[in-house]
Amino acid sequence: MINPFDDTYFMRKALQEAEAAFEKGEIPVGAVVIIDDKIIARSHNLTELLNDVTAHAEMQAITSAANFLGGKYLHNCTLYVTLEPCQMCAGALYWSQISKIVYGATDEQRGFKAMGTKLHPKTKVIGGVLEDEASALMKRFFIEKRNLN
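As recorded by an unreviewed UniProt entry, the protein carries the name tRNA-specific adenosine deaminase and is attributed to Winogradskyella haliclonae. Per UniProt, the protein carries the Catalytic activity (unreviewed entry) text "adenosine(34) in tRNA + H2O + H(+) = inosine(34) in tRNA + NH4(+)". UniProt, in its Sequence similarities (unreviewed entry) section for the protein, records the words "Belongs to the cytidine and deoxycytidylate deaminase family. ADAT2 subfamily."

**Details of the layout of surface pockets**
Taken as a whole, the largest pocket holds about 640 Å³ of empty space. In this structure, the largest pocket is lined by 22 residues; those nearest its centre are Ile27, Leu83, Asp107, Arg110 and Met138. Of all elements in the fold, only α2 (47–50) and α5 (131–148) reach the threshold of two or more residues within the lining of the largest pocket. Of the residues contributing to the lining of the largest pocket, the split by class is eight nonpolar, six polar and eight charged.

**Brief notes about the state of the cysteines**
Tallied over the full model, the rule gives zero disulfides. Of the cysteine sulfurs around Cys86, a residue in no disulfide, the closest is that of Cys89, at 3.7 Å.

**Looking at unusual backbone geometry**
Its identity as a non-glycine residue notwithstanding, Gln97 has a phi of 60 degrees, on the positive side. Relative to the helices and strands, Gln97 is located in the loop between α4 (87–96) and β4 (100–105). In this structure, Leu130 is a non-glycine residue whose phi angle is positive, near 55 degrees. Within the secondary structure, Leu130 sits in the loop between β5 (124–126) and α5. Among the residues examined, Leu130 registers a relative accessible area of 13% and is labelled buried.

**Notes on the packing of aromatic side chains**
On inspection of all chains with the given rule, the structure shows five aromatic pairs. Ring plane angle 70 degrees and centroid distance 5.8 Å describe the contact between Phe22 and Phe141, whose orientation is recorded as edge-to-face. With Phe22 in helix α1 (residues 7–23) and Phe141 in helix α5, the pair connects residues that are 119 residues apart, well separated along the chain. You can call Phe141 buried: its relative accessible area is 7%. With 5.0 Å between their ring centres and 85 degrees between their planes, Phe141 and Phe142 make a pair best called edge-to-face. Among the residues examined, Phe142 registers a relative accessible area of 31% and is labelled partly exposed. Within the aromatic cluster, the residues linked to one another by ring pairs are Tyr9, Phe10 and Tyr80. The ring of Phe22 carries Arg140 above its face, with NZ or CZ at 4.4 Å from the centroid.

Cut-offs applied
The numbering scheme is per chain: residues are counted from 1 as the chain's sequence reads. Confidence filtering applies because this is a predicted model: local features only for residues at pLDDT of at least 70, side-chain atom pairs given and counted only at 80 or more, and all residues used for totals across whole chains, interfaces and linings. Excluding hydrogens and water, the side-chain values take into account all heavy atoms of the structure. UniProt positions are given in the numbering used here, feature names are shortened, and annotations may be inferred rather than shown by experiment. Points on a 1 Å grid over protein atoms alone make up a cavity when a 1.4 Å probe fits among them but cannot get out, and a pocket when they form an open set with protein on both sides within 12 Å along at least five of seven lines; lining residues each have an atom within 4 Å of a point. Grid points are joined across faces, edges and corners, and a volume is the space filled by probe spheres set on the points. Every helix listed is a DSSP run of H or I at least four residues long, and every strand listed is a run of E at least two residues long, numbered separately from the N terminus. Basically, the charged four are Asp, Glu, Lys and Arg, the nonpolar ten are Ala, Val, Leu, Ile, Met, Phe, Trp, Tyr, Cys and Pro, and anything else, Gly included, counts as polar. Whenever a pair of cysteine sulfur atoms sits within 2.5 Å, that pair is classed as a disulfide. Relative accessibility decides the category of a residue: with a 1.4 Å probe and only protein chains considered, values under 20% of the type maximum give buried, values over 50% give exposed, and everything between is partly exposed. A pair of Phe, Tyr and Trp rings is counted when the ring centres sit within 6.5 Å of each other, with Trp represented by its six-membered ring. The angle between the planes then sorts it: under 30 degrees is stacked, over 60 is edge-to-face, the rest tilted. A positively charged side chain is recorded as over a ring if its NZ (Lys) or CZ (Arg) lies within 6 Å of the ring centre. The angle to the ring normal must also be within 35 degrees.

This is how it looks when you write it as structure tokens:
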């Protein structure tokens, strides 16, 4: 029997958030945080809407999850995000001590790996989950944006 709560299930939930960002004209990155196979935070990029360069999907998800849990540490939590976190988000994830990060598309220029940013030593990382879908959404966004300008 297939576990409905596998990495692709939750990444699809993050992709739904990315689609919401896309519809708002935001760079289409979405995120969910889970604990015990339950989503406790959902978010997407809000940098344009909030006029805030720090309003990345991951930052919104960290804040929401911490508020839900009533503390700053995200022990036993997993972040699903459609794009590899940048160094700012990776820094916040480091301090949150999140247990696991699962991302879709790799960001070869601005991702935490390319920038040499370290995560907490106990944080597990899995990349490339539904990478094609996440990457296609990102490409579609920038193609449409270029065609409008």
